[in-house]
Amino acid sequence: MLLLLLLQISASCLWLGRSEVVTSFQSSCPQFFFRGTPPNEALEPESPAWICQRYKNQYYFATLYDRKRRIPVYSAYLYEPGSGTRPNTWLVEPQLMGPSYPKTMEREWTLLNNFNVSLEKLSKSQAVLQDYKNLTGLNRGHLNPSGHHSNSNSRVATFTLTNIVPQNEKLNSGAWNNYEQQTMIRSTQGCETTYVVVGAVPGNNYIAKGKVNKPSHIWSSACCVVDNNHRKTWAVIAENDKNEVQLLTLGELEDVLTHLYGRNQVSLFDKDCPRE
């Protein structure tokens, strides 16, 4: 009986220690960043939420979310591509409404029907499916793409609206898709582990009657560990109204983002990821 009680206490502590919306990535899900170092505060929005993206009691990636603009600032993950089908179920993040809600991503339907949540309440905290209906020239663009993951659960986890931005449909299915598939396969040759941070620069336009920001640019960066002593990096950026992707060094991307955000110098990775 005492053993059972201790196990229950231990399980509850483990559960409490694995909250979804967290106070810092370093303390909760550092594994998605090289040497546990996330991008610096130069990218932080006015109303940030740090999300360790959790599905079926496991973390799959990390997202810094902009509550006000209802888009992710960036998503960070490990590049581990595998074969499998593309999911079609979209999820939301209950904990953006408050800590009393489930700590794992859920379907909208589940929250509306099983947790007595109104669509109005849910949509105050984040983008909802309705916001992405009837778009013209735009679609739901993943920051962390499902194709960069090795199993069905990790791919489903990328289908959360907290990992989605309104993206130019030609870019999403064209040059950006080529980068995600072909360029990443070539660039990661010889890499033991590849850490990726993909982000969106807020723009001046909105969809869903002013609720959800349409980013001006989409960008991606990677730090690849070749071995204990060698790392290589690369980066890209695309304007969100053109079907073009510009290949940059990591240092060049950080400088471009510093200019676009107009704040402090942007740093996306630990200093040991080369900038040249």
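Sequence order as written defines residue numbering, which begins from 1 separately in each chain. Per-residue local features of the predicted model are confined to residues with pLDDT of at least 70, and side-chain atom pairs are confined, for both listing and counting, to 80 or more; whole-chain, interface and lining totals are unaffected and use all residues. The side-chain numbers reported here are obtained from all heavy atoms of the structure, hydrogens and water having been left aside.

## Concerning the packing of aromatic side chains
Move 1: Aromatic pairing here means that ring centres of Phe, Tyr or Trp (its six-membered ring) are within 6.5 Å. Orientation follows from the plane angle: under 30 degrees is stacked, over 60 is edge-to-face, and everything else is tilted. Applying the stated criterion across every chain yields a total of 5 aromatic pairs.
Move 2: Ring geometry for tryptophan 90 against phenylalanine 159: centres 4.6 Å apart, planes inclined by 45°, an arrangement best described as tilted. Placement of the pair is tryptophan 90 in the loop between β4 (71–78) and α3 (108–114) and phenylalanine 159 in the loop between α5 (152–157) and β6 (164–168), with a sequence separation of 69 residues.
Move 3: A relative accessible area of 14% places tryptophan 90 in the buried class.
Move 4: What makes phenylalanine 159 buried here is its relative accessible area of 1%.
Move 5: Here the aromatic cluster, defined as three or more aromatic residues joined through ring pairs, consists of Phe25, Phe33 and Tyr74. The helix and strand labels rest on DSSP assignments: H or I over at least four residues marks a helix, E over at least two residues marks a strand, and numbering proceeds from the N terminus. Whether a residue is buried, partly exposed or exposed follows from its accessible area with a 1.4 Å probe, protein chains only, as a fraction of its type maximum: under 20%, in between, or over 50%, in that order.

## Points about the environment of threonine 136
Move 1: Residue placement: threonine 136 occurs in the loop between α4 (119–125) and β5 (138–142).
Move 2: Threonine 136 gets classed as exposed once you look at its relative accessible area, which sits at 75%.
Move 3: Separated by 32 residues in sequence, threonine 136 and asparagine 168 place their C-alpha atoms 9.2 Å apart.

## Topic: the side chain of serine 154
Move 1: Of note, serine 154 is situated in helix α5.
Move 2: Its relative accessible area of 4% is what places serine 154 among the buried residues.
Move 3: Discounting residues that sit within four places of it in the chain, serine 154 has contacts with Tyr60 and His149. Contact definition: two residues touch when any of their heavy atoms are within 4.5 Å.

## Digging into unusual backbone geometry
Backbone phi values are negative for most residues with the exception of glycine, while trans is the configuration of most peptide bonds.
Move 1: The phi dihedral of asparagine 57 falls on the positive side, at around 65°, and the residue is not glycine.
Move 2: Residue asparagine 57 is classed as partly exposed on the basis of its relative accessible area, which comes to 43%.
Move 3: The backbone of asparagine 134 sits at a positive phi, close to 60°, despite the residue not being glycine.
Move 4: Checked against the element boundaries, asparagine 134 lands in the loop between α4 and β5.

## Describing the environment of serine 267
Move 1: With respect to the element layout, serine 267 can be found in the segment after α8 (250–261).
Move 2: Looking at serine 267, the relative accessible area reads 25%, which means it is partly exposed.
Move 3: If sequence neighbours within four positions are ignored, serine 267 has contacts with Pro39, Asn40, Glu254 and Arg275.
Move 4: A distance of 3.3 Å separates the side chain of serine 267 from the backbone oxygen of phenylalanine 269, its partner in a polar contact.
Move 5: Here the side chain of serine 267 touches arginine 275 through a polar contact of 3.4 Å, side chain to side chain. Any pair of N or O atoms that falls within 3.5 Å is considered a polar contact. Within protein, one atom must be able to donate a hydrogen and the other to accept it, and sequence-neighbouring residues count only if both atoms are side-chain atoms.

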